[in-house]
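# Architecture at a glance
For reference, the chains in residue letters:
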Amino acid sequence: MTAPERIAPPGDQSTPSPASADQDHASSPPPGRRAATRALIADRVGSVEVLAALLILVIVLREPLAGLLSAPSLATWTTVFVSVMVQAVPFLVFGVLLSAVIAVFVPRSFWARALPRHPALAVPVASAAGVVLPGCECGAVPIAGSLIRRGVTPAAALAFLLAAPAINPIVLTATAVAFPNNPEMVLGRAVASLVVAMVMGWLWLRLGRADWIRLPRRPDLDGLRRGEAFWSAVRHDVVHAGGFLVVGAMAAASINVLVPERWLQTLADHPVLSVLALAGLAVLLSICSEADAFVAASLSQFSLTSRLAFLVVGPMVDLKLISMQAGIFGRRFAARFAPATFAVAVAVAVLTGAVLL
């Protein structure tokens, strides 16, 4: 006689059998395996693969895209985006190469000898060192990150970051050419930019916190030969800085299309608003520091002080620069450093304009 079947109580009816539980467990991978799968995909799908996929997509959709780009607004957007990238990429590459040289070939002991040991004295020395670097803000960001990695105090590296794009010989020469009848603009730009760089460096010494800067993890270069380490550092910095440069260029192109030009003429008639308007415009347009003087000269409806604010703010705070700072130093840093730099730059530009212009 067979044994009677056991009838489960009502509360146990939803309890799966051991066999079904094993099947469900086998059908869903464990958390460790899922994490390993995601890590494998992230390693195999990098920026090069994404770029290749985008290029293939553009080739496949070239006819619909050509029709869309024929619209005047999109044609303007494309023109501005390409011009920002063309201006910025050569200096970005220069900055990345110099950053890799600093990371691989320059010993840490060099910076201990080159800069004063006291951080407060290292700030003006690092600011003045920007005179010798013929580059723009796109190249200064990775260089400043490399300086911090090599043991330079962040206050001095950030002062160099702000000063180098604004007071180097190429930028000052371009300013002189753009303002042939106002040579005081060259002096005003150099003095105001240098003062802003030093003030921000000293403010960082006073108020800055080390945990606000989060440099991206760079592959270990110590175990590689110098040539391999150099190109590894170049690839790493191009991926981080270049991607955020594209984002900033896209934002600047969008602002150029969306902001009506007639608004600028209205603001030019108000002294205070004109300064804020051109300072804000410098942030939005994201023009390379080697070319912004010619744009400022074309804004003849604005006062010289307003245009000086445009020239001082632009190389220190703009959309592409904020994006790159977020990529190199972290979002917490950019969220604090960019607004503070903007306020100090506007105030110093106004004071400098009242004295020199």
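### Digging into the overall build of the protein
- From N to C terminus, the protein includes 18 helices and zero strands.
- By residue count, 41% of the 357 residues in the protein fall in the buried class.
- Look at the contacts in the protein between residues 6 or more apart in sequence, and 82% of them connect residues 24 or more apart.

### Looking at the nonpolar core
- Membership of the largest hydrophobic core comes to 72 residues, with the highest contact counts inside it found for Leu147, Leu161, Val196, Phe310, Val313 and Phe329.
- The element contributing the most residues to this core is helix α9 (residues 154-167), with 12 residues.
- Ala100, Val104, Ala229 and Ala233 belong to the second largest nonpolar core, which has seven residues in total.

### Quick word on the pattern of salt bridges
- The full count for this structure, using the stated rule, is three salt bridges.
- Here arginine 209 ties to aspartate 211 by a salt bridge, and the two come within 2.8 Å at their closest N and O atoms.
- According to the relative accessible area criterion, arginine 209 is partly exposed, its value standing at 43%.
- With a shortest N-O distance of 3.1 Å, lysine 320 and aspartate 318 are connected by a salt bridge.

### What to know about a nonpolar patch on the surface
- Together, Leu187, Val191, Val195, Val355, Leu356 and Leu357 give the surface a local cluster of nonpolar side chains, amounting to about 460 Å² of exposed area.
- When residues in the nonpolar patch are grouped by element, the largest group, three residues, is from helix α11 (residues 184-207).
- Relative to the assigned elements, valine 195 resides in helix α11.

### Points about the environment of glutamate 228
- In this fold, glutamate 228 is placed in helix α12 (residues 226-258).
- According to the relative accessible area criterion, glutamate 228 is partly exposed, its value standing at 38%.

### Structural notes on the packing of helix α7 (residues 119-128) against α9
- The N-to-C vectors of α7 and α9 enclose an angle of 25 degrees; their axes lie 7 Å apart at closest approach. In terms of their interaxial angle, α7 and α9 are classed as roughly parallel. Along this stretch, α7 crosses α9, giving a crossing that reads as right-handed. Within the contact between the two elements, α7 uses Ala122, Val123, Ala126 and Ser127 and α9 uses Ala155, Ala156, Ala159, Phe160, Ala163 and Ile167.
- Along the lines of polarity and charge, the residues of the contact of α7 with α9 split into nine nonpolar, one polar and no charged.

### With respect to empty space enclosed by the protein
- Per the stated rule, a full pass over the model turns up one cavity of 30 Å³ or more.
- Reported here for the largest cavity is a volume of approximately 40 Å³.
- Along the walls of the largest cavity sit Ala282, Leu285, Ser286, Ile287, Asp292, Phe310 and Gly314, which together make up its complete lining.
- The residue inventory of the lining of the largest cavity, partitioned by class, reads four nonpolar, two polar and one charged.

### As for the environment of methionine 198
- In this fold, methionine 198 is placed in helix α11.
- In the structure, methionine 198 is positioned 36 residues away from leucine 162 in sequence and 8.8 Å away in space, judged by C-alpha atoms.
- In contact with methionine 198, other than residues within four places in its own chain, are Val123, Pro124 and Ser127.

### Observations regarding the packing of aromatic side chains
- By the definition in use, this model includes seven aromatic pairs.
- Look at tryptophan 77 and phenylalanine 81: their rings are 5.3 Å apart centre to centre, the planes differ by 10 degrees, and that puts the pair in the stacked class. Here phenylalanine 81 and tryptophan 77 lie together in helix α5 (residues 72-104), a separation of four residues that amounts to about one turn.
- Note on tryptophan 77: relative accessible area 23%, which makes it partly exposed.
- Classification of phenylalanine 81 by relative accessible area gives buried; the value is 18%.

### Focus on the side chain of threonine 175
- Relative to the assigned elements, threonine 175 resides in helix α10 (residues 169-178).
- Its relative accessible area of 0% is what places threonine 175 among the buried residues.
- With sequence-adjacent residues up to four places away left out, threonine 175 is seen in contact with Met185, Val186, Arg189, Ala293 and Leu311.

### A few points about the side chain of threonine 341
- With respect to the helices, strands and loops of the structure, threonine 341 is situated in helix α18 (residues 331-356).
- Residue threonine 341 is classed as buried on the basis of its relative accessible area, which comes to 1%.
- Discounting chain neighbours no more than four positions away, the residues touching threonine 341 are Leu162, Met200, Met316 and Val317.

### Brief notes about the packing of α11 against helix α16 (residues 304-313)
- One way to put it is that α11 packs onto α16 with a least axis distance of 10 Å and a crossing angle of 50 degrees. Of the possible angle classes, the one that applies to α11 and α16 is oblique. In terms of crossing hand, the pair formed by α11 and α16 is right-handed. Of the residues in α16, those in contact with Glu184, Met185, Gly188, Arg189, Ala192, Ser193 and Val196 of α11 are Leu304, Arg307, Leu308, Leu311 and Val312.
- A per-class count over the contact of α11 with α16 returns seven nonpolar, two polar and three charged.

### Overview of the confidence of the model for the protein
- Looking at the protein, the pLDDT average stands at 77 and 70% of residues meet or exceed 70.
- Least confident of the elements in the protein is helix α1 (residues 18-27), whose mean pLDDT is 48; most confident is α11, at 96.
- Overall, residues 1-16 carries pLDDT values under 50, and its contacts beyond four positions in sequence, including any with other chains, amount to zero contacts.
- In the predicted structure, residues 18-26 sits below a pLDDT of 50 and forms zero contacts with residues beyond four places in sequence or in another chain.

Definitions and limits used
Residues numbered from 1 in each chain as written. Predicted model: local features only at pLDDT ≥ 70, side-chain atom pairs only at ≥ 80, totals over all residues. Heavy atoms only, no water. Helix = DSSP H or I, 4+ residues; strand = E, 2+ residues; numbered from the N terminus. Buried < 20%, exposed > 50% of the residue type's maximum accessible area, 1.4 Å probe, protein only. Contact = heavy atoms within 4.5 Å. Core = buried A, V, L, I, M, F, W, Y, C linked by side-chain atoms within 4.5 Å. Salt bridge = Lys/Arg side-chain N within 4 Å of Asp/Glu carboxyl O. Patch = residues over 30% accessible without salt bridge, like charges linked within 9 Å, V, L, I, M, F, W, Y side chains within 5 Å. Areas by Shrake-Rupley, 256 points an atom, 1.4 Å probe, with all protein chains shown as cover. Axes fitted to C-alpha atoms, helices over the stretch in contact; angles between N-to-C directions. Parallel < 35°, antiparallel > 145°, perpendicular 65-115°, else oblique. Left-handed = near helix turned anticlockwise from the far one by under 90°. Nonpolar A, V, L, I, M, F, W, Y, C, P; charged D, E, K, R; others polar. 1 Å grid on protein atoms, 1.4 Å probe; cavity = no way out; pocket = protein on both sides within 12 Å on 5 of 7 lines; lining within 4 Å. Points joined across faces, edges and corners; volume = space filled by probe spheres on them. Phe/Tyr/Trp six-rings, centres within 6.5 Å; stacked < 30°, edge-to-face > 60°. pLDDT = per-residue confidence, 0-100.

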